[in-house]
Structures are given as C-alpha cells and as structure tokens.
Amino acid sequence: MQHPSEEIEMPSENSNNTVRQELAEESAILMQQKKNKGSLNTLLTILGLVLVGAAIYDQLRQPAESRTWQGTIVGIPYDFRIPTIERIRAKLWNADTTSILTPHLFGVGWSINFYPLLHPKNS
C-alpha cells in the first residue's frame, strides 16, 4: 500500500512556468483595459468641463439683465438655475410628454423622464 502523499502528482516546473506566464498575460491585458478606460473617462471629463465652460461663457457674454442661465450649446441643453419642485417634476416625472430624455434639471446634458418608462402610452 502506498502512502497518501505518494499518490499526489506534483506539478512539473514547466507547468508552473506556463501558469505564471498565463497569469502575467492576463494581468497585462487587464492593465491595458484599465488604462483605456481611464483615458476614456479623462476624455469625457474634459469634454464635460469644456461644455460647462462654453455654456457659462455663453451666458456671461450677454448683458446681465438678459441672462437666463439656460439654453443650448452645440445642440446640448444646459440649465444652471436652482431647481424647484415644479421643475424637478417637469423634468423627471412629466406625464404630458412621451419623451424619455428631457433637458437636464441642473447642469449640461439630459435627464431621464421616468413617467413614460413606467406608464407607456398605447399607440
């Protein structure tokens, strides 16, 4: 009868090297994906800051009495007014429209109107 430790086959040095090499390759792939994602996040952040700056510049170049702090810049809506309950409801829970995307409640871009998602109208 063999001793239990004799029945276990130990991995060879070659298989250990293969596993190490596979782990190194997977690690390199994950690091490259993380770097690519970081670059995209940086690009989107810069784009967002440029849009905010352009929207503020658009308002500041107008006379003070005609500034509305809302509008569009290159087709993207912006609104820098302090949100009110009425505007929150109109942007996020508007039963009067089937549009899912509405101009942002505050900032640059769009908000989601949840009403048509939860209560779709039958055509």
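For the structure, check the block above.
Here is what the cut-offs are and how they apply
- For every chain, the first residue of the written sequence is number 1, and numbering continues from 1 onward in sequence order.
- This being a predicted model, a pLDDT of at least 70 is required before a residue's local features are given, and a value of 80 or more before pairs of side-chain atoms are given or counted; all residues contribute to the totals for chains, interfaces and linings.
- Note that the side-chain values use all heavy atoms of the structure and ignore hydrogens as well as water.
- The criterion is simple. A nonpolar core is a set of buried Ala, Val, Leu, Ile, Met, Phe, Trp, Tyr and Cys residues joined through side-chain atoms within 4.5 Å.
- The classification of residues rests on relative accessible area computed with a 1.4 Å probe and restricted to protein chains. Under 20% of the type maximum is buried, over 50% is exposed, and intermediate values are partly exposed.
- Starting at the N terminus, helices and strands are each numbered in turn, a helix being any DSSP run of H or I of at least four residues and a strand any DSSP run of E of at least two.
- By the convention used here, residues are in contact when the closest approach between their heavy atoms is within 4.5 Å.
- If DSSP finds at least two bridges between two strands, the strands pair.
- A patch is a set of surface residues, each over 30% in relative accessible area and not in a salt bridge, joined within 9 Å for like charges and within 5 Å for the nonpolar side chains Val, Leu, Ile, Met, Phe, Trp and Tyr.
- Each accessible area is a Shrake-Rupley result for a 1.4 Å probe, and residues are judged covered by the shown protein chains and nothing else.
- A pair is scored as a salt bridge if a Lys or Arg side-chain nitrogen falls within 4 Å of a carboxyl oxygen belonging to Asp or Glu.

K.L.:
Just checking my understanding: could you explain the nonpolar core for this structure?
P.N.:
Soluble, globular proteins show a tendency: their nonpolar side chains are buried together. In this structure, Leu51, Ala55, Ile73, Ile76, Tyr78 and Phe80 together form the largest nonpolar core, which totals six residues. Put simply, the parts of the chain that give this core at least two residues each are helix H2 (13–60) and strand E2 (76–79). With residues near it in sequence (within four places) discarded, Ala55 still touches Tyr78 and Phe80.

K.L.:
For this particular structure, what's the right way to read the sheet that holds E2?
P.N.:
To summarise the sheet geometry, strands pair through backbone hydrogen bonds and adopt either a parallel or an antiparallel arrangement. Spatially, E1-E2-E4 is the arrangement adopted by the three strands of the open sheet, whose pairing is antiparallel. Of all the strands in the sheet, just strand E1 (70–73) and strand E4 (107–108) have a single pairing partner and so form its edges. Two strands pair when backbone bridges link them, and E1 and E2 are joined in this way by four bridges, in the antiparallel orientation. In the sheet register, Gln70 faces E2, and the bridge partner there is Asp79.

K.L.:
Any chance you could explain a nonpolar patch on the surface here in plain terms?
P.N.:
Where nonpolar side chains cluster on the molecular surface, the patch consists of Trp93, Ile100, Leu101, Trp110, Ile112, Phe114, Leu117 and Leu118 and spans about 790 Å² of accessible area. Counting residues per element, the ones that place at least two in the nonpolar patch are strand E5 (110–112) and helix H4 (115–118).

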